[in-house]
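Each chain, letter by letter, is given below.
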Amino acid sequence: MLRDFTFNEVYFLLLATRWTILLAIIAFVGGGLLGLVIAGMRVSPYAVLRRAAMAYIQFFQGTPLLIQLFMVFYGTAFIGLSPDPWTAAAITFIVNSAAFFGEIFYGSIESIPRGQWEISRALGFRFVPTLRLIILPQAFRLMLPPTVGFTVQIVKGTSVASLIGLTELARTATVINTVTFEPALVFGTVALIYFALCWPLSLLGASLERRLLVQKVRGGPLGKGAAASPAAAVAGPD
């Protein structure tokens, strides 16, 4: 029996939005941490780690997210696993996001002058301390705009999780549409909700990019306040 599209249906869509947000947060945090590891492997002095990181990035960037989701949800049955939709979606979005975050972080790290690495080695710093104490603090500000920008893609991409039964925003919209048969109202409302989630992030990313550009113009390649040398980065201001 069909029913009208009323405020109750809008309320159900808003309730489902929390799961979309939660999945996006899981992908952002988990993918960001794993992406940082991937970026570190990309700049590692060991060729085997660099090749492994490149292979990881090329695989996950070169295959559709939907196929990756199906492989985790259905394909893991071949090794005796049977993840629920939430677990499968979380794993898929983390490993997929990590490939993109890894490339973003790698580009930011590579933008730091190579002299920083060379002076660090001259001062006796090994690879990991140099990366953690000297390079990453300077690269962090460069990572922010593209990281926020990609987060918008994560939020929009969560809709594919509906295809394995995860009851997030897109899945809820499909269910509501079957009982109201008002696709224009249902999916129009969903589009507005996604827009409300993504538009502030887009504005934030654009704002950070403008601020970064201003800092570059005022303070040189690394921006105002960036450490001029590893020693300065470790010692801090006088």
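Rules used in this analysis
Residues numbered from 1 in each chain as written. Predicted model: local features only at pLDDT ≥ 70, side-chain atom pairs only at ≥ 80, totals over all residues. Heavy atoms only, no water. Helix = DSSP H or I, 4+ residues; strand = E, 2+ residues; numbered from the N terminus. Buried < 20%, exposed > 50% of the residue type's maximum accessible area, 1.4 Å probe, protein only. Contact = heavy atoms within 4.5 Å. Phe/Tyr/Trp six-rings, centres within 6.5 Å; stacked < 30°, edge-to-face > 60°. Lys NZ or Arg CZ within 6 Å of the ring centre and 35° of its normal. pLDDT = per-residue confidence, 0-100. Patch = residues over 30% accessible without salt bridge, like charges linked within 9 Å, V, L, I, M, F, W, Y side chains within 5 Å. Areas by Shrake-Rupley, 256 points an atom, 1.4 Å probe, with all protein chains shown as cover. Salt bridge = Lys/Arg side-chain N within 4 Å of Asp/Glu carboxyl O. Core = buried A, V, L, I, M, F, W, Y, C linked by side-chain atoms within 4.5 Å. Axes fitted to C-alpha atoms, helices over the stretch in contact; angles between N-to-C directions. Parallel < 35°, antiparallel > 145°, perpendicular 65-115°, else oblique. Left-handed = near helix turned anticlockwise from the far one by under 90°. Nonpolar A, V, L, I, M, F, W, Y, C, P; charged D, E, K, R; others polar. Expected span 1.5 Å × (residues − 1). Bend = angle between axes of the 7 residues up to and from the residue.

**Overview of the overall build of the protein**
Line of reasoning, step 1. Within the protein one finds 9 helices and 0 strands.
Line of reasoning, step 2. Across the 238 residues in the protein, those meeting the buried criterion constitute 40%.
Line of reasoning, step 3. Looking at the protein alone, contacts between residues at least 24 apart form 77% of all its contacts between residues at least 6 apart.

**Some points on the environment of alanine 88**
Line of reasoning, step 1. With respect to the helices and strands, the residue alanine 88 is situated in helix α4 (residues 85-110).
Line of reasoning, step 2. Along the sequence, alanine 88 and phenylalanine 70 sit 18 residues apart, while their C-alpha atoms lie 8.6 Å from each other.
Line of reasoning, step 3. Other than its neighbours up to four places away in sequence, alanine 88 contacts Leu69, Val72, Phe73, Pro83 and Ile164.

**Notes on the packing of aromatic side chains**
Line of reasoning, step 1. Under the definition given, this model contains 12 aromatic pairs.
Line of reasoning, step 2. Summarising the aromatic geometry, the rings of tyrosine 56 and phenylalanine 60 are spaced 4.6 Å apart at their centres and angled 45° between planes, so their arrangement reads as tilted. Here phenylalanine 60 and tyrosine 56 lie together in helix α2 (residues 47-62), a separation of 4 residues that amounts to about one turn.
Line of reasoning, step 3. Here phenylalanine 60 falls in the buried class, since its relative accessible area comes to 14%.
Line of reasoning, step 4. What links up through ring pairs into an aromatic cluster is the set Phe28, Phe100, Phe101, Phe105 and Phe150.
Line of reasoning, step 5. Geometry around tyrosine 106 places arginine 42 over its ring, the cationic atom sitting 3.6 Å from the centre.

**Some details on the confidence of the model for the protein**
Line of reasoning, step 1. On average, residues of the protein score 87 in pLDDT, and 90% of them reach the 70 mark or higher.
Line of reasoning, step 2. Predicted confidence in the protein is weakest over helix α9 (residues 230-235), with a mean pLDDT of 39, and strongest over α2, with 96.
Line of reasoning, step 3. For residues 221-238, every residue scores under 50 in pLDDT, and the model assigns this stretch 32 contacts once sequence neighbours within four places are set aside.

**Remarks on a nonpolar patch on the surface**
Line of reasoning, step 1. Judged by side-chain polarity, Ile21, Ile25, Phe28, Val29 and Leu33 come together as a nonpolar surface patch covering roughly 430 Å² of accessible area.
Line of reasoning, step 2. Secondary-structure assignment places valine 29 in helix α1 (residues 7-42).

**Quick notes on the side chain of asparagine 177**
Line of reasoning, step 1. Looking at where asparagine 177 falls in the secondary structure, it is placed in helix α7 (residues 169-180).
Line of reasoning, step 2. For asparagine 177, a relative accessible area of 15% corresponds to the buried category.

**Let's talk about the nonpolar core**
Line of reasoning, step 1. Leu13, Ala89, Ile109, Leu131 and Ile135 are the most contacted members of the largest nonpolar core, which has 45 residues in total.
Line of reasoning, step 2. Elements supplying a minimum of two residues to this core: α1, α3 (65-73), α4, α6 (127-157), α7 and α8 (183-219).
Line of reasoning, step 3. Top element by residues in this core is α6. It accounts for 11 residues.
Line of reasoning, step 4. Not counting residues up to four positions away in its chain, the partners in contact with leucine 13 are Phe5, Leu169, Thr172, Ala173, Ile176, Val186, Thr189, Val190 and Ile193.
Line of reasoning, step 5. Among the nonpolar cores identified, the runner-up in size contains 8 residues, and Met41, Ala53, Tyr56 and Ile57 belong to it.

**What about unusual backbone geometry?**
Line of reasoning, step 1. The residue phenylalanine 181 is not glycine, and still its phi comes out positive at about 50°.
Line of reasoning, step 2. Summarising the element assignment, phenylalanine 181 is placed in the loop between α7 and α8.
Line of reasoning, step 3. Judged by relative accessible area, which is 60%, phenylalanine 181 ranks as exposed.

**Topic: the packing of α1 against α4**
Line of reasoning, step 1. It is the contact of α1 with α4, at a shortest axis distance of 5 Å, that shows an interaxial angle of 45°. Judged on the interaxial angle alone, α4 and α1 are oblique. Seen from above, α1 lies across α4 with right-handed handedness.
Line of reasoning, step 2. Each residue belonging to the contact of α1 with α4 can be placed in one class, and the counts come to 21 nonpolar, 6 polar and 2 charged.

**Observations concerning the pattern of salt bridges**
Line of reasoning, step 1. Summed over the entire model, instances satisfying the criterion amount to 3 salt bridges.
Line of reasoning, step 2. In this structure, the salt-bridge partner of glutamate 110 is arginine 114, at a minimum N-O distance of 3.5 Å.
Line of reasoning, step 3. Residue classification places arginine 114 among the partly exposed positions, given a relative accessible area of 46%.

**Structural notes on α6**
Line of reasoning, step 1. Counted at 1.5 Å a residue, the expected span for α6 with its 31 residues is 45 Å, but the 35 Å between its end C-alpha atoms falls short.
Line of reasoning, step 2. Of all the bends found along α6, the most pronounced is centred on leucine 136 and spans about 50°, while proline 137, a proline, follows it within four residues.

**Observations concerning the packing of α3 against α4**
Line of reasoning, step 1. Packing of α3 against α4 leaves a shortest axis separation of 9 Å and a crossing angle of 135°. In this view, α3 runs oblique relative to α4, as classed from their interaxial angle. In this structure, the crossing between α3 and α4 has a hand that is right-handed. Between α3, through Leu65, Gln68, Leu69, Val72 and Phe73, and α4, the contact on the second element is made entirely by Pro85, Ala88, Ala89, Ile91, Thr92, Phe93 and Asn96.

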